[in-house]
Amino acid sequence: MEDPSRILIATDGSKSAEHAAALGIKFAQQYDAKVYAVYVINVTASDAILIDEAWAAEECEACEKTGHKVTSCVVEKATFAGLGAEPIILKGSQADEILKFADKHDVGMIIVGSLGKSGIERLALGSVSENDVRHAKVSVLVAR
Amino acid sequence: MNNSIFRNIMVATDGSELVRKAVDTAIEIAKLSEAKLYAVYVIALGSYYNSITHSRDSEWIKAIKEQFITEGKEATAYVENAGRDANVEVESVILEGSPADEIIDFAEKNEIDLIVIGTKEKNGMEATAYVENAGRIANVAVKSVIHEGNPADEIIDFAEKNEIDLIVMGTQGKTVIQSFLIGSVAENVVRHSKVPVLVVRG
């Protein structure tokens, strides 16, 4: 692993994402890396369910609000730790978007929580994290 | 780094070239956080016991185990040396059992706060070594070949180019294909560990 000069912290506002963020910031401090706080609005999930367009738009707006809230929370912590940080809100399938972004922005390490917000307890690993570990070209830290 | 986030780090090694990057990363992180590093090698005899219960003698198992112990010592010594160069305290640990289980168990019992593991494992080498050994006992000439790529394509390609008359393979192909993306040990550790796991691309 090369020294990661850019670290991506995936967050969904869940408890495990919070752990991931704390760990990620400490890692970033070690490498003096820039932090991308990434939130992905899972539009593919709502597409199939939401028929009413107005409602969909409202839902989307709510998701964006959540995204701003949780990413700025991570950015704030990173800034407090003396790091450069940027909030990123993406739309699409979570794993795909995280990986695409990491690829495009030369991210050296991806940090994810083990369970997503909708975490299915029967799997110790959320599907987003699992996809990341399988397909990422960069190192992935799965926080607990 | 004074606010040490990791005090006890462990790196899993199988003695192959494939884990070098994971070892380097583990040492670097241990150095940065002034942590102690455990170099863990697991002797996995499970598959050997299961597949040779009736036809092969215990001498053979003993010989294989000896071979694993030697390999384990070499693998952990490599980490120790790298640690010495980087001024990192390294403790070698050799365990026996199912690798993922042993790694997780050790991490929990020894207050490990980060597990570093590579994505690639020497599945290929171990698998071919197994056939080689079985061939030696049955007096059959075995030539080991390891290819990288899409398993089905590579197998067909190799067969065509080498005038192969018969391809023999098991039905449980899925694990083979999966192991090309991420090793089964790494996968199991990520799934079941209660400790953070850093998966390093090989």
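Conventions adopted
Residues numbered from 1 in each chain as written. Chains lettered and ligands numbered in written order. Predicted model: local features only at pLDDT ≥ 70, side-chain atom pairs only at ≥ 80, totals over all residues. Heavy atoms only, no water. Core = buried A, V, L, I, M, F, W, Y, C linked by side-chain atoms within 4.5 Å. Buried < 20%, exposed > 50% of the residue type's maximum accessible area, 1.4 Å probe, protein only. Helix = DSSP H or I, 4+ residues; strand = E, 2+ residues; numbered from the N terminus. Contact = heavy atoms within 4.5 Å. Salt bridge = Lys/Arg side-chain N within 4 Å of Asp/Glu carboxyl O. Pairing = 2+ DSSP bridges. Axes fitted to C-alpha atoms, helices over the stretch in contact; angles between N-to-C directions. Parallel < 35°, antiparallel > 145°, perpendicular 65-115°, else oblique. Left-handed = near helix turned anticlockwise from the far one by under 90°. pLDDT = per-residue confidence, 0-100.

## Side note on the nonpolar core
In step 1: Core analysis: the biggest nonpolar cluster contains 43 residues, and F27 of chain A together with F6, I9, L37, L114 and V116 of chain B have the highest contact counts within it.
In step 2: Here the element with the most residues in this core is helix α1 (residues 15-31) of chain A; it accounts for seven residues.
In step 3: Residues within four places of F27 of chain A in sequence aside, it is in contact with I7, M109, I111 and L141 of chain A together with I5, F6, I29 and L114 of chain B.

## Quick look at the pattern of salt bridges
When the charged atoms of two side chains with opposite charge come close together, those side chains can pair.
In step 1: Taken as a whole and judged by the stated rule, the model has nine salt bridges over all chains.
In step 2: Between E97 of chain A and K100 of chain A there is a salt bridge, with the nearest N and O atoms lying 3.3 Å from each other. Residue E97 of chain A and its partner K100 of chain A are both found in helix α4 (residues 94-104); the two are separated by three residues, about one turn of the helix.
In step 3: Measuring nitrogen to oxygen at the nearest pair gives 3.7 Å for the salt bridge that ties K194 of chain B to E108 of chain B. Placement of K194 of chain B in the loop between α8 (184-192) and β5 (197-200) and of E108 of chain B in helix α4 (residues 99-109) is noted, with a sequence separation of 86 residues between them.
In step 4: Ionic contacts of the salt-bridge type, sharing partners, join the residues K36, E89 and E91 of chain B into one network.

## Notes on the environment of L90 of chain A
In step 1: Note on placement: L90 of chain A falls in strand β3 (residues 85-91).
In step 2: Between the C-alpha atom of L90 of chain A and that of V43 of chain A, which follows or precedes it by 47 residues, the distance is 9.7 Å.

## Description of the sheet that holds β5 of chain B
In step 1: Here we have ten strands laid out as an open sheet, ordered β3(A)-β2(A)-β1(A)-β4(A)-β5(A)-β5(B)-β4(B)-β1(B)-β2(B)-β3(B), and mixed in their pairing. At either margin of the open sheet sits one strand with a lone partner, and together these are β3 of chain A together with β3 (90-96) of chain B. Strand after strand, the sheet turns through a mean of 20 degrees between neighbouring axes, direction not considered.
In step 2: Bridge count between strand β5 (residues 139-143) of chain A and β5 of chain B: three bridges; the pairing is antiparallel. From the neighbouring strand, V140 of chain A faces β5 of chain B, where its bridge partner is V199 of chain B.
In step 3: Relative to strand β2 (residues 34-41) of chain A, α4 of chain A is tilted by about 150 degrees, and along the sheet it contacts β1 (6-10), β2, β3 and β4 (109-113) of chain A.
In step 4: Its contacts with the sheet put α8 of chain B on β5 of chain A together with β4 (114-118) and β5 of chain B, and the angle it makes with β4 of chain B is roughly 155 degrees.

## Topic: unusual backbone geometry
Outside of glycine, negative phi angles account for most residues, and trans bonds account for most peptide bonds.
Residue and element names in this part refer to chain A.
In step 1: In the Ramachandran plot, D32 falls in the positive-phi region, its phi being about 50 degrees despite a non-glycine side chain.
In step 2: If you trace the backbone, D32 turns up in the loop between α1 and β2.
In step 3: Despite not being glycine, D106 shows a phi value in the positive range, around 60 degrees.
In step 4: Note that D106 resides in the loop between α4 and β4.
In step 5: When its relative accessible area of 56% is taken as the criterion, D106 is described as exposed.

## Things to note about the packing of α1 of chain A against helix α3 (residues 53-80) of chain A
All names here are of chain A.
In step 1: At a closest axis distance of 10 Å, the pairing of α1 and α3 adopts a crossing angle of 25 degrees. Judged by the angle between their axes, α1 and α3 are roughly parallel. Our pair here, α1 against α3, has a crossing hand that is right-handed. Here E18, A21 and I25 of α1 come into contact with α3, specifically with V74, K77 and A78.

## Structural notes on the confidence of the model for chain B
All names here are of chain B.
In step 1: Summing up the model confidence of chain B, the mean pLDDT is 78 and the portion of residues at 70 or higher is 76%.
In step 2: Low pLDDT (under 50) marks residues 171-180, which in the prediction has seven contacts with non-local residues, meaning those over four places away or in another chain.
In step 3: The complex model carries a pTM of 0.73, and its ipTM stands at 0.75.

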